[in-house]
Amino acid sequence: MKIENIEIDIINIDLTKPYTIAYKTTSSIKTLVIKVILSNGNYGLGASNVSKYVVGLDTADSYNNSKKYLNHLLGRDLDSFWMIINDIENKFINDPGSKAAYNIAIYDAFCKYHDISIGKFLGRKIKSLPTSVTIGIKSTKETISEINEYLGLGFKHIKIKLGNNVEEDIRRINIINEKFGNKIKIRIDANQGWSLNDTIKFYSETKQIELIEQPLSAKDLTGYLKFPPKIKDIIALDESLVNFQDALKLSSDNYGRIFNIKLMKCGGITSGQHIANQAYQNNIDLMWGCNDESIISISAALNTALSFENTKYLDLDGSFDLKEDIVNGGFNLKNGALQPLDSPGLGVKPI
Ligand SMILES: [Mg+2]
C-alpha cells in the first residue's frame, strides 16, 4: 500500500487552565499535525508539541523540518514499515518533534491498514493505569481547591509543581498532607529548582511522597549520585533524560530509580521503546509524561507505556486542558485511570 499524500499543519490551541512551573507560564500551545494518506484512502495521524527549553527546538522548527522531508516518503510502500520507521529515526536524530509526528502517523496508518489497534501491535502488558493530574505553582489555598476539584472528577494521583523555595514547598505539602491524608497520592515535580540539600530537607520533613521529579539541574548528574538510596528510589529523571544516549548514561549507575519518558523528548513510539527497554534491562521503573498535547500523541504514549511491564506511573494529563483538540477518542478515562480504545490504529477520530 503506497503513501499517496502527506499533509502537514501547525495548529494553535488555547488551554482552559494557563499554568506556571519553575521556569515559565503557558496559556496556549502550537501542535504539529502530520496526516499520512494511503492510496486506498486510509490515513494515519501524528502530532507533536516539543519544548524548546528541553530539546532545543520548537514546534515551528519541527514544522519546517518535516516539510523538507515530505518528498522522501511519498510513493513509499507501507509494507516496508520498519524501513520507513528507521529512516525517520535516522533523519530526525536532533528533531524529536518531526520524528514523533511522522513516527506516530506511520504507526497509525500501518495499524489502520491492517485493521489492528496500536495496543495490539505493540503488545499490551498492562490493561490500564491511573494517571496523575498536574497542579502548577500556586498558593496553598488554590492548590487545595484544585485538588478537591480533581478528587471530584475521580483523580487520586496529584502531581504538584514546586521548586521555587524549599521552605515554602515543605510548608505547603505538609498542609496538603494533613488535609487529604490517604485520599490522594502526591507526586512532586521540582523542575530543577532545588539543591541537593533542599531535596534531602524536603524528603525528611514531608510524608507520603510517591515520587520526586527532577529536583536538581539536568546538568548536575553527580549531584544525583550523592542522594541516599531511599531518596534515589523515588527520584524520577525527567529533564536529564531526553534521548536514548541519556538513558544509556543514566542506567550505567544509580542516578534515580524512575525514568520519565516523554514521546515529546525522545521523538515518538520507537525511540520511547528503546529507552523503556534500556530501563527494563536495568531494573528501572517507568513513568510516562507529556507536554500539553493532542489526544493523538497522548494515545501513542499511553499505548507504548502499557506495553512495558516496568511501567509504574502514568502522567498523561496533557490533553485534558486543551480548549479544542483536533480529534477525540483514543482512550477512556474512568476514575482517573486511562485505558486505550482498542479500535484500529490509535483509535482517534478527527472532530
Ligand atoms: Mg517534569
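Since this is a predicted model, take the numbers as computed values, not measurements.

So, how was this worked out
Residues numbered from 1 in each chain as written. Predicted model: local features only at pLDDT ≥ 70, side-chain atom pairs only at ≥ 80, totals over all residues. Heavy atoms only, no water. Helix = DSSP H or I, 4+ residues; strand = E, 2+ residues; numbered from the N terminus. Rg over C-alpha atoms; globule rule 2.2 N^0.38 Å. Buried < 20%, exposed > 50% of the residue type's maximum accessible area, 1.4 Å probe, protein only. Areas by Shrake-Rupley, 256 points an atom, 1.4 Å probe, with all protein chains shown as cover. Donors = N, O, S within 2.8 Å, 3.2 Å for Na, K, Ca; no water. Pairing = 2+ DSSP bridges. Arc of directions from axis to C-beta. Domains from an automatic or database assignment. Contact = heavy atoms within 4.5 Å. Buried area = accessible area lost by both parts, 1.4 Å probe. Salt bridge = Lys/Arg side-chain N within 4 Å of Asp/Glu carboxyl O. Nonpolar A, V, L, I, M, F, W, Y, C, P; charged D, E, K, R; others polar.

A.B. asks: Is there a simple way to explain the overall build of the chain in this structure?
C.D. replies: Helix and strand counts for the chain come out as 14 helices and 16 strands. In terms of C-alpha radius of gyration, the chain reaches 20 Å, essentially the compact-globule figure of 20 Å for 351 residues. Split into buried and exposed, the 351 residues of the chain put 56% on the buried side. Total accessible area on the chain is roughly 14300 Å²; 47% of this is exposed by carbon and sulfur atoms.

A.B. asks: Explanation requested: the coordination of the magnesium ion in the structure shown.
C.D. replies: Octahedral six-donor coordination of a metal ideally yields angles of 90 or 180 degrees, compared with 109.5 degrees for tetrahedral four-donor coordination. On the protein side, the magnesium ion has Asp 189 (OD), Glu 213 (OE) and Asp 238 (OD) as donor atoms, found 2.1 to 2.2 Å from it. Between the donor residues of the magnesium ion, the gaps in sequence give the motif D-x23-E-x24-D. In this pair, Asp 189 sits in strand 7 (residues 185-189) while Glu 213 sits in strand 8 (residues 209-213), placing the two residues 24 residues apart along the sequence. An identical accessibility class is assigned to Asp 189 and Glu 213; each is buried.

A.B. asks: What exactly am I supposed to notice about the sheet that holds strand 15 (residues 337-340) here?
C.D. replies: Note: strands within a sheet are paired through backbone hydrogen bonds, in either parallel or antiparallel orientation. A sheet is described by the order of its strands in space; here three strands give the open sequence 4-15-14, paired in antiparallel fashion. At either end of the open sheet lies a strand with only one pairing partner, and these are strand 4 (129-130) and strand 14 (331-334). Sheet topology note: the strand 4/strand 15 ladder contains two bridges and is antiparallel. Its bridge partner being in strand 15, Leu 129 is matched across the sheet by Leu 338.

A.B. asks: Before we go on, may I ask you to explain helix 3 (residues 81-91) in this structure?
C.D. replies: Residue pairs three or four apart in sequence face the same way in an α-helix, which turns once every 3.6 residues. Listing the buried residues of helix 3 in full gives Phe 81, Ile 84, Ile 85, Ile 88 and Glu 89. Within helix 3, the buried residues cover an arc of 140 degrees as seen down the axis, which keeps them to one side. What points out from helix 3, more than 90 degrees from its buried face, is the exposed set Met 83 and Asn 90.

A.B. asks: It is not clear to me how the domain arrangement of the chain should be interpreted in this structure. Could you clarify?
C.D. replies: For the chain, the domain assignment lists domain 1 (3-116) and domain 2 (120-350). With centres defined by C-alpha atoms, the gap from domain 1 to domain 2 works out at 22 Å. Domain 1 puts 41 residues into the contact, and the matching count from domain 2 is 44 residues. Here domain 1 and domain 2 share an interface that buries about 3400 Å² over both sides, 65% of which is from carbon and sulfur atoms. Joining domain 1 to domain 2, the criterion identifies two salt bridges. Between Lys 17 and Glu 149 there is a salt bridge, and its shortest N-O distance comes to 3.4 Å. Those elements giving two or more residues to the side of domain 1 that touches domain 2 turn out to be strand 1 (3-21), strand 2 (24-38), strand 3 (43-48), helix 1 (52-55), helix 3 and helix 4 (96-113). Looking at the side of domain 1 that touches domain 2, the element that brings in the most residues is helix 4, giving ten residues. Looking at the side of domain 1 that touches domain 2 residue by residue, the class counts come to 26 nonpolar, eight polar and seven charged.

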